[in-house]
Amino acid sequence: MEKNRKTTISRLKEIGNRDATVLENTKFRVMIDDQGSMIPELSVIPGNGLRGSGRLNAHWLPWFRGNSGRPYNETKDSGFWKAGLLYNITGNFPCIPNFGPGLVINGIEIPAHGWTANSLWKFNSGGADDETGAAWAYSVLDSPDRAMPLSFKKIDAILPEQNIHYVSIKVSNNGETGQEICAGWHNTLGAPFLAEGCRITAAATAWTTAPAGSEFEPTARLAVGAEFDSLKKAPLIAGGTEDISQVPGPTGFTDLACGRIGEEIQLGWSSVVNPSLKTVYISFFPGPAAQTDDDIILRFTNLWMQYGGRSFTPWAAYDGGADLTYCLGCENALSAWAQGLEFSRGIKKLMGAPTTVIIPAGKSKTVRYGCLFAPYEGPSLNNGVLTIDAENNTLVGGGSGGCWRFNADPFFTVLKTLEKKTFS
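Cut-offs applied
Residues numbered from 1 in each chain as written. Predicted model: local features only at pLDDT ≥ 70, side-chain atom pairs only at ≥ 80, totals over all residues. Heavy atoms only, no water. Helix = DSSP H or I, 4+ residues; strand = E, 2+ residues; numbered from the N terminus. Rg over C-alpha atoms; globule rule 2.2 N^0.38 Å. Contact = heavy atoms within 4.5 Å. Areas by Shrake-Rupley, 256 points an atom, 1.4 Å probe, with all protein chains shown as cover. Lys, Arg positive; Asp, Glu negative; His and termini not counted. Charge placed at Lys NZ, Arg CZ, Asp CG, Glu CD. Buried < 20%, exposed > 50% of the residue type's maximum accessible area, 1.4 Å probe, protein only. Pairing = 2+ DSSP bridges. Axes fitted to C-alpha atoms, helices over the stretch in contact; angles between N-to-C directions. Polar contact = N/O pair within 3.5 Å; in protein donor to acceptor, adjacent residues only side chain to side chain. Phe/Tyr/Trp six-rings, centres within 6.5 Å; stacked < 30°, edge-to-face > 60°.

Participant: Could you give an account of the overall build of the protein chain, with specific residues and numbers?
Facilitator: Secondary structure assignment for the protein chain yields five helices and 33 strands. Taking 2.2 N^0.38 as the reference for a compact globule, 424 residues should give roughly 22 Å; the C-alpha atoms of the protein chain span a radius of gyration of 20 Å, in line with that estimate. Projected onto the principal axes, the alpha-carbon positions of the protein chain cover approximately 60 × 55 × 45 Å. Intrachain contacts of the protein chain at a sequence separation of at least 6 include 63% that bridge at least 24 residues. With an accessible surface of roughly 16400 Å², the protein chain has 50% of that area assigned to carbon and sulfur atoms. Measuring between centres, the 37 positive side-chain charges of the protein chain sit 4 Å from its 41 negative side-chain charges.

Spelled out as structure tokens, the structure:
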């Protein structure tokens, strides 16, 4: 373990014999697995909303996650888990160069949600930085296929007195032709944080449900391929609308809705509030209006509403059984829904926004992301976060009951400083 006065970094083995990095300050902790950069724990010491000495974890820990301690075996395990991703899946993870099902494109086999979500990252170094106060970890990964010669450099970091996990991934194209890719973060929230009555909001101002032929069509209660402008009025297959901004209990359906982040947005964000626990989860990232030539900008928020519609493994214990899985994907991505790289390349734009980015030959682009998980007080955010404003050292969450200020680095200044120290 290495530490300064307020932040620490340590390496350990978590359940399933997975190597992991833990970054922690006095109130907040994040654990990042080397395998797929999966994040099973994003936890906080609660405020008044939860009594006792324990911690509250935001992220989904699926009952079916493979914890035998051995790697996924296609021959032995595919009958139940279907894919290596589902054997290891949990919490949040980065998805590059694919966001969606596995595919073969131009002879290149890319797994579901890309190599960054499936491969073993190499932990390179880490420390507690005296200049910035950050605890940080630096990891690297190379594409396993020379036909798409990408390399990835990743920094995970936390700061003192902030309940935020910062992460950046620099994507480099080491080849002689441009590489068109998707990118995203697959934030998945679960109990005890996720519960009936949670409120979902986002910067997105236009929404569409998954298209015909997607994996969600057989399990949907939302109308297929429908556009709408408010989560409070999502169209249903059976007619009428439903307020999907309020999380229900298990419904027996699994749906996907995709929201476009407008060109005028400086800071993209999505949020889930648990008003009973007085706790909020906010993801934030540079918006389209803040784009530079070196940025990968996430254009969409995807809501994967896994409320019990999949009567097949691994969601159910056996094919035809009851879906035992209740979680919410509050994801942010550059892709066409979750339809994968080939589909996203073909469609080019969704609701007027691009669905891919090209990494030029011999060049690099970087995507930056923050995940805040923190308690709040009073009624300010009980009905959901309505606005997010970025100030120096502060994120201001506005709600119907007022506003709440969070210590933050919304312009990713410290993360960029760490990048200069480690990526060069």
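Still more ground to cover, so stick around.
Participant: Account for the environment of Leu303, with residues named and values stated.
Facilitator: In this structure, Leu303 sits in strand β25 (residues 300-306). The exposure class assigned to Leu303 is buried, which follows from its relative accessible area of 0%. Residues Leu303 and Gly346 lie 43 residues apart in sequence; the distance between their C-alpha atoms is 22 Å. Discounting chain neighbours no more than four positions away, the residues touching Leu303 are Ile200, Trp207, Leu231, Asp255, Leu256, Ala257, Gly329 and Cys330.

Participant: If you had to explain unusual backbone geometry to someone new, which residues and values would you point to?
Facilitator: In the segment running from Ala191 into Pro192, the intervening peptide bond is cis, with an omega of 10 degrees. By the secondary structure assignment, Pro192 is in the loop between β16 (188-189) and β17 (199-202). Positive phi outside glycine occurs at Lys82, with the angle close to 75 degrees. Looking at the secondary structure, you find Lys82 in the loop between α1 (74-81) and α2 (84-88). For Lys82, a relative accessible area of 40% puts it in the partly exposed group. Positioned with a positive phi, Phe412 is a non-glycine residue whose angle comes to about 60 degrees. Within the secondary structure layout, Phe412 lies in the loop between β33 (402-407) and α5 (413-422).

Participant: Outline the pairing of β25, supporting the account with residue identities and numerical values.
Facilitator: Of all seven residues in β25, seven are buried, a share of seventy percent or more. Pairing analysis gives seven bridges linking strand β22 (residues 254-260) to β25, with the strands arranged antiparallel. Within β25, the residue paired with Leu256 across the bridge is Trp304.

Participant: Describe the sheet that holds strand β31 (residues 387-391), listing the residues and the values that go with them.
Facilitator: Here we have three strands laid out as an open sheet, ordered β31-β32-β33, and antiparallel in their pairing. The open sheet has two edge strands, β31 and β33, and neither has a second partner. Each strand of the sheet is rotated relative to its neighbour by a mean of 20 degrees, with strand direction disregarded. The pairing of β31 with strand β32 (residues 394-399) spans five bridges and is classified as antiparallel. Across the sheet, the residue bridging to Glu391 is Thr394, located in β32.

Participant: Could you give an account of the sheet that holds strand β11 (residues 135-142), with specific residues and numbers?
Facilitator: One open sheet accounts for eight strands, arranged β10-β11-β12-β13-β30-β24-β23-β17; its pairing is antiparallel. Looking at the sheet topology across the chains shown, the edges are occupied by β10 (122-128) and β17. Geometrically, the sheet is characterised by an average inter-axis angle of 15 degrees between neighbouring strands, direction not taken into account. As defined by bridge partners, strand β13 (residues 164-173) adjoins strand β30 (residues 364-375) across nine bridges and the pair is classed as antiparallel. Bridge pairing links Lys170 to Thr366 in β30. Strand contacts of α5: β11, β12 (150-158), β13 and β30, with the helix running at about 130 degrees to β12, the strand carrying the most contacts.

Participant: An account of the side chain of Asp156 is needed here, citing residue identities and associated values.
Facilitator: Among the structural elements, Asp156 can be located in strand β12. One polar contact links Asp156 to His165, side chain to side chain, over a distance of 2.8 Å. With residues up to four places along the chain from it excluded, the contact list for Asp156 reads Leu23, Ile32, Ala135, Trp136, Ala137, His165, Tyr166 and Val167.

Participant: Give me the pairing of β10: which residues, what numbers.
Facilitator: Here six bridges tie β10 to β11, and the two strands are oriented antiparallel to one another. Residue pairing across strands places Gly126 opposite Ala137, the latter belonging to β11.

Participant: So, the environment of Pro211: which residues are in play, and what are the values?
Facilitator: By secondary structure assignment, the location of Pro211 is in the loop between β18 (206-209) and β19 (227-228). Looking at Pro211, the relative accessible area reads 12%, which means it is buried. Between the C-alpha atom of Pro211 and that of Gln339, which follows or precedes it by 128 residues, the distance is 9.0 Å. In this structure Pro211 touches Val224, Gly225, Trp337 and Gln339, once residues within four positions along its chain are discounted.

Participant: Give a detailed account of α1, specifying residues and quantitative values.
Facilitator: In an α-helix there are 3.6 residues to a turn, and that puts residues three or four apart on one side. Backbone nitrogen of Thr75 and a side-chain oxygen of the N-cap are separated by 3.0 Å at the start of α1; the cap is Asn73. Lys82 sits one or two residues past α1 and shows a positive phi near 75 degrees.

Participant: For the packing of aromatic side chains, give the residues involved together with the corresponding values.
Facilitator: The tally for this structure, following the rule as stated, stands at 21 aromatic pairs. Taking the centre distance of 5.0 Å and the plane angle of 80 degrees together, the rings of Phe80 and Trp81 count as edge-to-face. With relative accessibility at 23%, the residue Phe80 sits in the partly exposed group. Using a relative accessible area of 16% as the deciding quantity, one classes Trp81 as buried. Where Tyr166 meets Phe412, the ring centres are 6.2 Å apart and the plane angle is 85 degrees; that geometry is what we call edge-to-face. You can see Tyr166 sitting in strand β13 and its partner Phe412 sitting in the loop between β33 and α5, a full 246 residues away along the chain. Judged by its relative accessible area of 3%, Tyr166 is buried.

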